[in-house]
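Here are the chains, one letter per residue:
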Amino acid sequence: PAYVQALAIFPMFVPSIILSYAFIRVLGPNGMVDILLNAAHLPKIRSPYLTPWGPVIGLVWDHIPLTVLILLAGLGNVSNQSIEAARDVGAGRLLVLWHIILPRISNSILVAISFTVLGLFSAFTLPYVLGPTAPEMMGPFMQRTFRDLNDPVMAITQAVIAFGFCIVFGLFYVRSVAKNRTP
């Protein structure tokens with residue numbers, strides 16, 4: 001478990017700009033994977049960083065550590081005795097997950113989802129560096145609307161709508177924290 005946890009937390013210490021360029025150098029055209037495939041006389045692969053999947057892969061890598069830490073903290077609230085008691089009365093793995101584990105980590109799941117969604121909306125570097133030449137995630141999209149299309153009203157409208165969406169997830173987080181603090 002310690003190795004898995006260390007592996008999951010490692011991306012936290014890699015800045016997103018370094019991650020972007022490492023991704024390009026490893027999976028990009030003429031990158032390390034391409035060179036190894038060529039040395040083994042295997043066909044080239046299409047680089048995912050040149051597709052819409054590039055930013056998705058980068059953002060998943062970037063958000064895994066915080067999500068893992070939050071969920072591990074939530075799993076600390078689940079006692080082994082309650083799981084063993086449920087198994088003693090015949091509960092299977094799915095019932096233990098549904099009736100014992102998920103109710104105790106529901107706040108942690110809400111917090112993890114809130115932080116991930118808010119992080120996705122604030123992401124600018126990864127979608128701008130990775131992906132096709134015109135990434136369409138909200139940060140670059142609003143910037144392109146403002147600068148390239150010279151439409152500040154539309155860019156402000158997009159920002160307000162994005163803020164409204166983010167405030168919903170921010171309220172999930174605030175509700176979860178308030179729920180945990182009440183005795």
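Anything mentioned here points back to the structure above.
In what follows, the accompanying structure is described.

### Considering unusual backbone geometry
1) Next: Although it is not a glycine, N30 adopts a positive phi angle of roughly 60°.
2) Next: Within the fold, N30 resides in the loop between α2 (16-27) and α3 (32-39).
3) Next: Given a relative accessible area of 52%, N30 falls into the exposed group.
4) Next: Not every positive phi belongs to a glycine, and H41 is a case in point at roughly 60°.

### Overview of the pattern of salt bridges
1) Next: Counted under the stated rule, the structure contains three salt bridges.
2) Next: Among the ionic pairs, E84 bridges to R87, the shortest N-O distance being 3.7 Å. Here E84 and its partner R87 are both found in helix α5 (residues 80-88), three residues apart, which amounts to about one turn of the helix.
3) Next: Look at E84 and you get partly exposed, because its relative accessible area is 41%.

Conventions we followed
- Residues numbered from 1 in each chain as written.
- Predicted model: local features only at pLDDT ≥ 70, side-chain atom pairs only at ≥ 80, totals over all residues.
- Heavy atoms only, no water.
- Helix = DSSP H or I, 4+ residues; strand = E, 2+ residues; numbered from the N terminus.
- Buried < 20%, exposed > 50% of the residue type's maximum accessible area, 1.4 Å probe, protein only.
- Salt bridge = Lys/Arg side-chain N within 4 Å of Asp/Glu carboxyl O.

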